[in-house]
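Okay, here's what each chain looks like letter by letter:
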Amino acid sequence: MKLAKLCIRNFPRLEKVEIDLESLETVLVGPNNSGKTSVTAAIRRFLSKRDFSIYDFRVSQVIRIKLSS
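What you are looking at is a predicted structure, and each value in this text was computed from that prediction instead of being measured. (Residues numbered from 1 in each chain as written. Predicted model: local features only at pLDDT ≥ 70, side-chain atom pairs only at ≥ 80, totals over all residues. Heavy atoms only, no water.)

(A) Just the overall build of the chain, in detail. Counting its secondary structure elements, the chain contains 2 helices and 2 strands. Mapped in sequence order, the helices and strands of the chain form the string β-β-α-α. Here the chain, with 69 residues, has 17% of them falling under the buried criterion. In the chain, the proportion of contacts linking residues at least 24 apart, taken out of those at least 6 apart, comes to 24%. As displayed, the chain has an accessible area near 6600 Å², and 52% of this comes from carbon and sulfur atoms. (Helix = DSSP H or I, 4+ residues; strand = E, 2+ residues; numbered from the N terminus. Buried < 20%, exposed > 50% of the residue type's maximum accessible area, 1.4 Å probe, protein only. Contact = heavy atoms within 4.5 Å. Areas by Shrake-Rupley, 256 points an atom, 1.4 Å probe, with all protein chains shown as cover.)

So, in structure tokens, the structure goes:
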């Protein structure tokens, strides 16, 4: 069974957030202080000791990432 949607409520910087998850990877994009780190903290807390990876990159690197795919 795969997780398809993430619902976070009453977490720091996140009053009520719903995120549809892709089957392989989900990318969080937004300006500073928009809650991206809070989303990853909530996921880490939920998963506890299970594997979970975060890759942080600048918007200017998106073209380079697309070219290498």
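(B) Just the side chain of Ser-38, in detail. Tracing the chain through its elements places Ser-38 in helix H1 (residues 36-47). Contact partners of Ser-38, with chain neighbours within four places excluded, come to Phe-11, Pro-12, Arg-13 and Leu-14.

(C) The pairing of strand S2 (residues 14-20), seen in detail. One ladder, built from 6 bridges, connects strand S1 (residues 5-11) with S2; its direction is antiparallel. Bridge pairing in S2 places Cys-7 opposite Glu-18. Count of turn residues in the S1/S2 antiparallel hairpin: 2 residues, of which Arg-13 carries a positive phi of about 70°. (Pairing = 2+ DSSP bridges.)

(D) Focus on the pattern of salt bridges. Under the defined criterion, the tally for this structure stands at 3 salt bridges. Between Glu-18 and Lys-5 there is a salt bridge; the shortest N-O distance is 3.6 Å. Placement of the pair is Glu-18 in strand S2 and Lys-5 in strand S1, with a sequence separation of 13 residues. For Glu-18, a relative accessible area of 46% translates into the label partly exposed. With its nearest N and O atoms 3.7 Å apart, the salt bridge here joins Lys-5 to Asp-20. Of the two residues, Lys-5 is situated in strand S1 and Asp-20 in strand S2; the sequence distance between them amounts to 15 residues. Overall, Lys-5 belongs to the partly exposed group, its relative accessible area being 42%. (Salt bridge = Lys/Arg side-chain N within 4 Å of Asp/Glu carboxyl O.)

(E) Structural view of unusual backbone geometry. We note that Arg-13 has phi near 70°; this positive angle belongs to a residue other than glycine. Positive phi is not limited to glycine here, since Asn-33 has a value of about 65°. Looking at the secondary structure, you find Asn-33 in the loop between S2 and H1.

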